[in-house]
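For reference, the chains in residue letters:
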Amino acid sequence: MKKQTIKEILQDYKKVLHHDITVYGWVRSFRANRFIALNDGSTINNLQIVVDFENFDKEIISKISTASSLKIVGEVVESQGAGQTVEIVAKKIIILGDNFTEELQNTILQPKKHSLEKLREQAHLRFRTNVFGAVFRIRHALSFAVHSFFNQNQFFYINTPVITGADAEGAGEMFGVTNFDLNAIPRTEEGEIDFAQDFFGKKTNLTVSGQLEGETAAMGLGRIYTFGPTFRAENSNTTRHLAEFWMIEPEVAFNNLEDNIDLAEDFLKYVIQYVLDHCKDDLEFLDKRLEEEQKTKPEKERAKEGLIEKLQNVIAKRFKRVSYTEAIEILLNSKENKKGKFQYPIEEWGTDLQSEHERYLVEKHFESPVVLFDYPKEIKAFYMKLNDDNKTVAAMDVLFPGIGEIIGGSEREARLDVLKQKMADMHVDEHELWWYLDTRKFGSVPHAGFGLGLERLVLFVTGMTNIRDVIPFPRTPKNAEF
Ligand code: 4AD
Ligand code: MG
């Protein structure tokens, strides 16, 4: 018979009631030598196993402890106790994996409260905890919903290269890729590194975005999206930056900026609704966890809404759409700015917004997700469409409460001459991007797209506060363990 997960057993218990079944899982707790809480990762809920001590080999019983892995055969019965509908009366228990008891003492598998920092140090074990089980099941659901949304809307999933010669964002924050012997790097006669002798015969790096290649695909397939690992060598040690993260980048031929904003809003609402519909148990668990955490905070710092309520509110309202120029006006006139409360005071039109400004707009001023658009051209990437004012580009950032920027995108500059001028102004190498320029030569069309950082979305949906806790093995400055 097909193995059943604990999730299936608990959901469809009527089908197996009074039958003998086989279950597998890890022990979460073993109370009074009688009750085992068994979990197999399929759900946050444990299955209760009742052990009639007298009927079992005492040696086996003595070996069962937290974290043991078991195979159990037993009868499904209606539960006598509160807290669960059914339980299993064990007839046979097989220990699959022994515990190294002494070493177990030093791990986060010890059943007591551990800090998230401690859990991070043992990231290879944290999948066994309730919090990380919930986070990673939700991360899965969000990823699945991403594919489902685009598939339903006739987008094609395109895999863009991880190794590339292009710096898509023109920000130079790239990890180089080479197979040179680092102790004997070949040089040209001029003393420069001779990349012609490297594996790819040119300088290459890990991608910072699949957008440019994605654009070429959109120029033939119409609607495409990428969803892959993305790398940035920016030295930002914040709770919102990773050196390796997963980005989703749709690109749509014939879309303008407004279409792009509509798409971003529909997309975010769809994936959040998907999780509300499919991850109820995990969300409720995280909601309660957050509520407990709130109680330890001073009244003023507490969140106004619970996790699930927050998600429902984001879906219910239309996002506020505000131009960069309006946003600067609001910030310039804010009490915070006048009283010098911002770490980076806003002085004039043209300055880049910091996350404190974004969060002021979202959390204090509008109390709603905000889409900012039409940014000064100087602070945005070369590929964005130049507006008629010659000062701004058709950029858009979606800002979320507690997160700040969750999406960044734009309508693209489809005019070859304007694009070339922008590249020259911003010192982007035209020769390196010859293939990108080709898209503007043969049937160029208006098009637009954006990038969503999956981890920022998971942060928002789970209510976790550090981005290192929503990716299994975070890569950050000075940290690439596991
Ligand atoms: O705003 P960004 O840099 O935009 C792009 O890369 C465009 N090429 C996207 C496009 O138009 N196709 O990044 C997009 C999103 C950000 O809004 C953020 O959610 C996420 O990617 N992101 C990061 N997430 C985690 N760690 C980092 N270091 C991130 N940098 C960007
Ligand atoms: Mg951005």
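Refer to the preceding data block for the structure.
Throughout what follows, the structure given in this document is the object of discussion. (Residues numbered from 1 in each chain as written. Chains lettered and ligands numbered in written order. Predicted model: local features only at pLDDT ≥ 70, side-chain atom pairs only at ≥ 80, totals over all residues. Heavy atoms only, no water.)

### Considerations on the side chain of E215
Right, on to step 1. Position of E215 relative to the elements: it lies in helix α7 (residues 211–221).
Right, on to step 2. Residue classification places E215 among the buried positions, given a relative accessible area of 0%.
Right, on to step 3. At 2.9 Å, the side chain of E215 and the side chain of R440 are in polar contact.
Right, on to step 4. Residues in contact with E215, not counting those within four places in the same chain, are E251, R412, Y436, R440 and H447. (Helix = DSSP H or I, 4+ residues; strand = E, 2+ residues; numbered from the N terminus. Buried < 20%, exposed > 50% of the residue type's maximum accessible area, 1.4 Å probe, protein only. Polar contact = N/O pair within 3.5 Å; in protein donor to acceptor, adjacent residues only side chain to side chain. Contact = heavy atoms within 4.5 Å.)

### Comments concerning the side chain of T439
Right, on to step 1. Looking at the element boundaries, T439 is found in the loop between α15 (434–438) and β16 (447–453).
Right, on to step 2. Only 2.9 Å separates the side chain of T439 from the side chain of R440, close enough to count as a polar contact.
Right, on to step 3. Other than its neighbours up to four places away in sequence, T439 contacts T216, M219 and S444.

### Quick look at the pairing of strand β3 (residues 47–50)
Right, on to step 1. Here β3 shows two buried faces, one formed by L47 and I49 and the other by Q48 and V50.
Right, on to step 2. Looking at chain direction, strand β2 (residues 35–39) and β3 are connected through four bridges and run antiparallel. Considered in β3, the bridge of F35 is made with V50.
Right, on to step 3. Here β3 pairs with strand β5 (residues 86–97) via three bridges, running parallel. Looking at the pairing, V50 lines up with V89 of β5. (Pairing = 2+ DSSP bridges.)

### Focus on the sheet that holds strand β7 (residues 163–164)
Right, on to step 1. If you walk across this open sheet you meet the three strands as β7-β9-β8, and the pairing is antiparallel. Since the sheet does not close on itself, it has two edges, and those belong to β7 and β8 (176–177), each with one partner.
Right, on to step 2. Pairing of β7 with strand β9 (residues 204–206), which is carried by two bridges, proceeds in the antiparallel orientation. Pairing of I163 across the sheet is with L206, part of β9.

### A closer look at a positive patch on the surface
Right, on to step 1. A surface patch of like charges, here positive, comprises K300, K335, K339 and K341.
Right, on to step 2. Within the secondary structure, K335 sits in helix α12 (residues 335–338).
Right, on to step 3. The exposed category is assigned to K335, whose relative accessible area is 61%. (Patch = residues over 30% accessible without salt bridge, like charges linked within 9 Å, V, L, I, M, F, W, Y side chains within 5 Å. Areas by Shrake-Rupley, 256 points an atom, 1.4 Å probe, with all protein chains shown as cover. Salt bridge = Lys/Arg side-chain N within 4 Å of Asp/Glu carboxyl O. Lys, Arg positive; Asp, Glu negative; His and termini not counted. Charge placed at Lys NZ, Arg CZ, Asp CG, Glu CD.)

### Description of the packing of aromatic side chains
Right, on to step 1. The tally for this structure, following the rule as stated, stands at 24 aromatic pairs.
Right, on to step 2. Measuring from ring centre to ring centre gives 5.4 Å for F382 and Y383, while their planes differ by 75°; the resulting arrangement is edge-to-face.
Right, on to step 3. The exposure class of Y383 is buried, given its relative accessible area of 4%.
Right, on to step 4. Of note, K310 hangs over the ring of F460, and the distance from its end group to the ring centre comes to 4.0 Å. (Phe/Tyr/Trp six-rings, centres within 6.5 Å; stacked < 30°, edge-to-face > 60°. Lys NZ or Arg CZ within 6 Å of the ring centre and 35° of its normal.)

### Focus: the pattern of salt bridges
When the charged atoms of two side chains with opposite charge come close together, those side chains can pair.
Right, on to step 1. Counted according to the given criterion, the structure contains 25 salt bridges.
Right, on to step 2. A salt bridge links E8 to K2, with the shortest nitrogen-to-oxygen separation between them at 3.6 Å.
Right, on to step 3. In this structure, R321 and D262 form a salt bridge, with 2.9 Å as the shortest nitrogen-oxygen distance. Residue R321 is located in strand β12 (residues 320–323), and its partner D262 is located in helix α8 (residues 257–278); the two are separated by 59 residues in the primary sequence.
Right, on to step 4. One salt-bridge network, in which partners are shared between bridges, spans E215, E251, R412 and R440.

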